[in-house]
Every structure is written in C-alpha cells, then in structure tokens.
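# Summary of structural features
One letter stands for each residue in the lines below.
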Amino acid sequence: MTSPSYVSTRGRSPLTDFAGTVINGIAPDGGLFAPSVWPRLELDALIAGGADYATLAERLLTPFVGEGLPEGALAAATRRVQERFLHPDVVPLVELEPGLHVLELFHGPTAAFKDLAMQLVAGMAESLLATTGERLLLVTATSGDTGAAAVKAFAGAERIDLVVLHPLGRVSPMQRLQMTTSGASNVLNLAVRGDFDDCQRLLKRLLSETGKTKTTRRVSSVNSINWARLSGQAPYYAATAAKLAEPATYVVPTGNFGDAFAGWVARQCGLPIGDLVAATNRNDALVRALHTGVYERTQAEPTASVSMDVQAPSNFERLVFEATGRDADLTRGLFEDFNKAGRVTLPDEVLAALRREVSAVSVSEAETVAEMQRTWRENGRVICPHTAVALHAARRIERTGPVVALSTAHPAKFPDSVEAALGFAPERPPQLQGLEGQTERFETVDATLEAVLAAIG
Ligand SMILES: *Cc1c(COP(=O)(O)O)cnc(C)c1O
C-alpha cells in the first residue's frame, strides 16, 4: 500500500504523511490537514466477519494511515480504545422512541466522547516516538473536558510530557479532579490566573515561540483540529450505520465542529450516512454563517453546555475548503480575513455548497433545560446539557427515517446542571467515583508566557 498524502487547506505547506499530521497538529501555513483524496469505504467490508469496534475502526482508518505508522501500531491503538471503554458495545445505540436514537459516546475513562479520539492518538503518538526516539512536549488549553481526556490518555506515556493549561477556578470540581489526580510524573497542570481565552492565547504563543523553551523537545498540541483526532471519530458513525436499516439523520452537539465533520468524512467516503445537523447552544457563529452567509466571531457566552462555548468553530475551515471545491487560495483569503477582522462574508456559491452539506440550528438555555426535563419525564433517562442540545434539535426534525442524536458526555460530569433541571444529582459511573479523596497536583501561574515557561522548565 502506498501512503496517502495530506494537503493544507491554505495550500502553502508541503505535502505530509499521516505521521506528520499526528505530530504537528496544524499545517505550517496555519491551515488544517486534509487527505489529498478521499478514499472509498464500503460498509460491508468494514463489518465483514462480525468485526468488533476495534476491527471496524482499524479497517476504516487504514486507507488514511497507509504506511504512516509503524507495523501493528494502528491495530494496537484501536484495540486500546476498545479496551478502555467500559461498555461491551463501546458506543451503544439506544432507541428512545420508534425512529429516535441516542448514540452513547461517553463510556470511556473520563466519561466524555473526547476519550474516543484522544486514546487513539495517544496510542499512535507513542508508537511513532518509540521508532524515532524523539520526545514530545504536548501542550493543551482546556475549559475542562479536553484536559481531562488528555491527562487520562497521556499519563505515564514514555516519550511524551503533557502540559495542561486550565483557567484557575473556572473548571468544574469534577473536571479539575480528573486532571489533577493522575499522579503521573509526565503531566504538569497549570492553573492560569485568567480565563479560557488567556489559556488559548498562551498555548498559541508557546507553539510559535518554542525556541524559548530550554528543551530540545518538539512542542505540539492535541486540540480538536488535529487530523488524527478528527479521523478517529469517523468509526462510530460507521458502527452506527451498520446497526440501522437505512441512512439516518445525525444531530451533533457542536462546539469546534470536529465531531460533526467526522460524520461528513464518513459520508464523503461513501458510507450510508444521511443528513448532518450541527446543533449549537447560543454560541451560534456556525448557525449564523449558514443562514446569512456572514461568518462572524462574537464574545463566547457561558451556557450549561460548557464544552460547546466556542466563538469560532476551528474545524469550519475544513468544510469551507471542501465547499470551495478545494480552492486553497480562496480558503486562505477567507480565513486570513476572518482572523484579522473577526468577520467575513462567504461568496454565494460557497454558501450554497455549504448548505448542501450540513444544516445547523441553535438551541436556547431554556430549551436545553426543558429537554433534560422532558427526556427524564417521558423516557426515564438523565442526560447531560450537551446531549440535550442535540436531542432537542433532533425532536424538531420531521421523521422520514431514523434520527440519531449524539450523546457526548455522561450527565454525572455536570451534576449542578442536572440538579438544577431535575432536582436530584445524577448517579456516578465507576470512572467518576473515588476522585475526591485523592491528592491533587497543580501549580498556579500568572497569565504570562514567562510564568508558563518558568513552570515548564
Ligand atoms: C468537545 C465537546 C463537544 C463539542 O464537540 P466539537 O467536536 O468541538 O464540536 C460536545 N459535547 C461535549 C461533552 C464535549 O466535550
């Protein structure tokens, strides 16, 4: 097999292979990696012989990886994901009412869907570094879930040091405990005196000024624009399609648009995936872009679905690149303008193409709470606020075929929201029990590059 190559959405980076996308995260020209050609996938071939989740994921990802990983590394990484999930079906599909399904993606080590991709990338990165002998310094900025998933995935990794920047006092107690109690010597938690935007700004500066770290380690990040992370989310769409008699509509609770774009990838490669609906909370830049053609960044507002409080969904650039017919010059122009002005108008033909690919709706805070209450009352199920956003949007769709709402976190990760909506606290799954008694380790730093560099050493 030849190795597939990856282009940048901004067209000014040399081609790279899969390993390059794992280690670098973002293309040198500021664009996002995309495969030069989309491979053709056949659902029957993916599930042949009664394949389990790990086998299906390995088969799906093989044409994207090619020879870009050491022999056996992909199989080991997909097996690792399956083994660390606590449900025998990994991603169980639950039918709430005839034709309305919930896809449970939260049975992993930190009880949020980010485990699926983070565990996979951790496995891949470890195999790659074992062959090159390099060390990697991974830095991530988090408002909660990403940091927890990264700590669980990378704690104890031999050739990787992980630095997690979280805003001091602004993550939930559960999220903080998940990040700070690993006990692993390769994990450094920094509580930044600032907000999430300060953490992201510091991360960007660290990535661009790595020369200033005293180390020879390569510095990278595992945020959601990492292609390997994103592609690791396509397998659960395939696993779900295999369970349904006809292509379903998928409603995806959306922040940075990585999860929804993974569904687009599965469909683009020929799998039987129907309409894709991105459901946002009131941070609705994506919804406004698709409705008005104006993509505009505004101040992110806090909501109950905190992991979706995103002002500019970073993976939107991938869909725009495809909607322009892969015109990298046009894509670069649009996103450079957007980065400068915080606002850009999409050309009519690009907007029309985008609308053929996905639709988007926004769900208010009141609707989110009402959905949590309705699902408890009518279906006897406790759901998290992110899932509620998707399920609310899913119920509004006129059903001509199956509808699947993605459930991205266990409700016990957000006990305060559940208690406020339902009047009782959710039961904790095993992976969220016993955190309170453990020793926490983190350092508090000012929101300056100098302070962060001093802490990293
Ligand atoms: C990250 C996250 C999302 C949003 O996913 P994107 O890929 O950023 O769109 C939704 N729900 C939960 C619980 C998350 O942690």
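Residues numbered from 1 in each chain as written. Predicted model: local features only at pLDDT ≥ 70, side-chain atom pairs only at ≥ 80, totals over all residues. Heavy atoms only, no water.

### Description of the pairing of strand β3 (residues 93-97)
Defined as follows: Note: two strands are recorded as paired if DSSP finds a minimum of 2 bridges between them. A helix here means a DSSP run of H or I that spans at least four residues, while a strand means a run of E at least two residues long, and both kinds are numbered starting from the N terminus.
Sheet topology note: the β3/strand β4 (residues 100-104) ladder contains four bridges and is antiparallel. Its bridge partner lying in β4, E97 is registered against L100. Linking β3 back to β4 in an antiparallel pair, the connection comprises two residues, with G99 at a positive phi of about 85°.

### Considering the site of the ligand
Rules: Nearness is judged by heavy atoms alone; a residue qualifies as near a molecule or strand once a single heavy atom is within 4 Å of it. N or O atoms within 3.5 Å of each other form a polar contact, as long as, within protein, one can give a hydrogen and the other can take it, and as long as residues adjacent in sequence are counted only when both atoms are side-chain atoms. The Shrake-Rupley method, run with a 1.4 Å probe sphere, supplies the accessible areas, and residue values consider only the shown protein chains as cover.
In the vicinity of the ligand, 15 residues are found, and the nearest of them are K114, D145, G255, N256 and T408. Here an oxygen atom of the ligand sits 2.9 Å away from a polar atom, N or O, in the side chain of D145. Within the side chain of T408, one N or O atom sits 2.8 Å away from a nitrogen atom of the ligand. Protein coverage of the free-state accessible area of the ligand, which is 390 Å², stands at 97%.

### Observations concerning the pattern of salt bridges
In plain terms, the rule: Criterion for a salt bridge: a side-chain nitrogen of Lys or Arg within 4 Å of a carboxyl oxygen of Asp or Glu. The classification of residues rests on relative accessible area computed with a 1.4 Å probe and restricted to protein chains. Under 20% of the type maximum is buried, over 50% is exposed, and intermediate values are partly exposed.
All chains considered together, the criterion is met by 24 salt bridges. Between R135 and D161 there is a salt bridge, with the nearest N and O atoms lying 3.1 Å from each other. In this pair, R135 sits in the loop between α5 (114-132) and β5 (136-141) while D161 sits in strand β6 (residues 160-167), placing the two residues 26 residues apart along the sequence. With relative accessibility at 14%, the residue D161 sits in the buried group. A salt bridge links D446 to R193, with the nearest nitrogen and oxygen atoms 2.7 Å apart.

### Here we look at the packing of aromatic side chains
Definition in use: Two rings from Phe, Tyr or Trp (for Trp, the six-membered ring) form a pair when their centres sit within 6.5 Å of each other. Planes less than 30 degrees apart are called stacked, planes more than 60 degrees apart edge-to-face, and all others tilted. We call a charge positioned above a ring when the Lys NZ or Arg CZ atom is no farther than 6 Å from the ring centre and deviates by at most 35 degrees from the ring normal.
This structure, assessed with the given rule, holds 16 aromatic pairs. Where F335 meets F338, the ring centres are 6.5 Å apart and the plane angle is 70°; that geometry is what we call edge-to-face. Of this pair, F335 and F338 are both found in helix α14 (residues 328-341), three residues apart, which corresponds to roughly one turn of the helix. The buried category is assigned to F338, whose relative accessible area is 3%. One aromatic cluster in this structure is built from Y6, F18, W38, F64, W227, F257, F261 and W264. Here R297 stacks its cationic end above the ring of F338, 4.9 Å away from the centre of that ring.

### So, helix α7 (residues 173-180)
The test is simple: Whether two residues touch is decided by their heavy atoms; if any such pair falls within 4.5 Å, the residues are in contact.
Judged by how many residues are buried, α7 sits mostly within the fold: six of eight residues are covered. Along α7, the residues that are buried comprise M174, Q175, L177, Q178, M179 and T180. Residues of α7 that are buried make contact with α6 (145-154), β6 and β7 (187-193).

### Some remarks on the nonpolar core
The condition is simple: Buried Ala, Val, Leu, Ile, Met, Phe, Trp, Tyr and Cys residues form a nonpolar core when they are joined through side-chain atoms within 4.5 Å.
Formed by 103 residues in total, the largest nonpolar core has its most connected members in F154, Y236, Y237 and Y250. Of the residues forming this core, the biggest block, nine residues, is contributed by α5. Counting residues in hydrophobic clusters, the runner-up holds 21 residues, among them A279, V363, M372 and L391.

### Let's talk about unusual backbone geometry
Phi is positive for A111, close to 65°, though the residue is something other than glycine. Tracing the chain through its elements places A111 in the loop between β4 and α5. A111 sits in the buried class, given a relative accessible area of 0%.

### Overview of the packing of helix α8 (residues 196-208) against helix α19 (residues 449-456)
Each pair of packed helices can be summarised by the angle the axes make with each other and by the distance between the axes. This is how the line gets drawn: Orientation is described by lines fitted to C-alpha atoms, with helices fitted over the stretch in contact, and by angles between N-to-C directions that extend from 0 to 180 degrees. Orientation is classified from the angle alone, with under 35 degrees giving roughly parallel, over 145 giving roughly antiparallel, 65 to 115 giving roughly perpendicular, and any other angle giving oblique. Rotating anticlockwise by less than a right angle from the far helix to the near helix defines a left-handed crossing, while the corresponding clockwise rotation defines a right-handed one. Charged means Asp, Glu, Lys or Arg here, nonpolar means Ala, Val, Leu, Ile, Met, Phe, Trp, Tyr, Cys or Pro, and polar covers whatever is left, Gly included.
Two elements in contact, α8 and α19, have axes whose closest approach is 10 Å; the angle formed by their N-to-C orientations is 65°. In terms of their interaxial angle, α8 and α19 are classed as roughly perpendicular. α19 is crossed by α8, and the crossing has right-handed handedness. Taken together, the residues of α19 that come into contact with α8 (itself represented by L202, R205 and L206) are L449, V452, L453 and I456. Each residue belonging to the contact of α8 with α19 can be placed in one class, and the counts come to six nonpolar, no polar and one charged.

### Let's talk about the side chain of H410
Turning to its location among the elements, H410 is positioned in the loop between β14 (403-407) and α18 (415-422). Setting aside residues up to four positions removed in sequence, H410 forms contacts with F106, A111, C384, E427 and P429.

### Considering the sheet that holds strand β13 (residues 359-362)
What the six strands build is an open sheet, ordered β3-β4-β14-β9-β10-β13; its pairing is mixed. Taken across any chain shown, the strands that pair with only one partner, and hence form the sheet edges, are β3 and β13. Strand after strand, the sheet turns through a mean of 25° between neighbouring axes, direction not considered. Across the face of the sheet, helix α10 (residues 234-241) comes into contact with β3, β4, β9 (249-253), β10 (276-280) and β14 while running at roughly 145° to β9.

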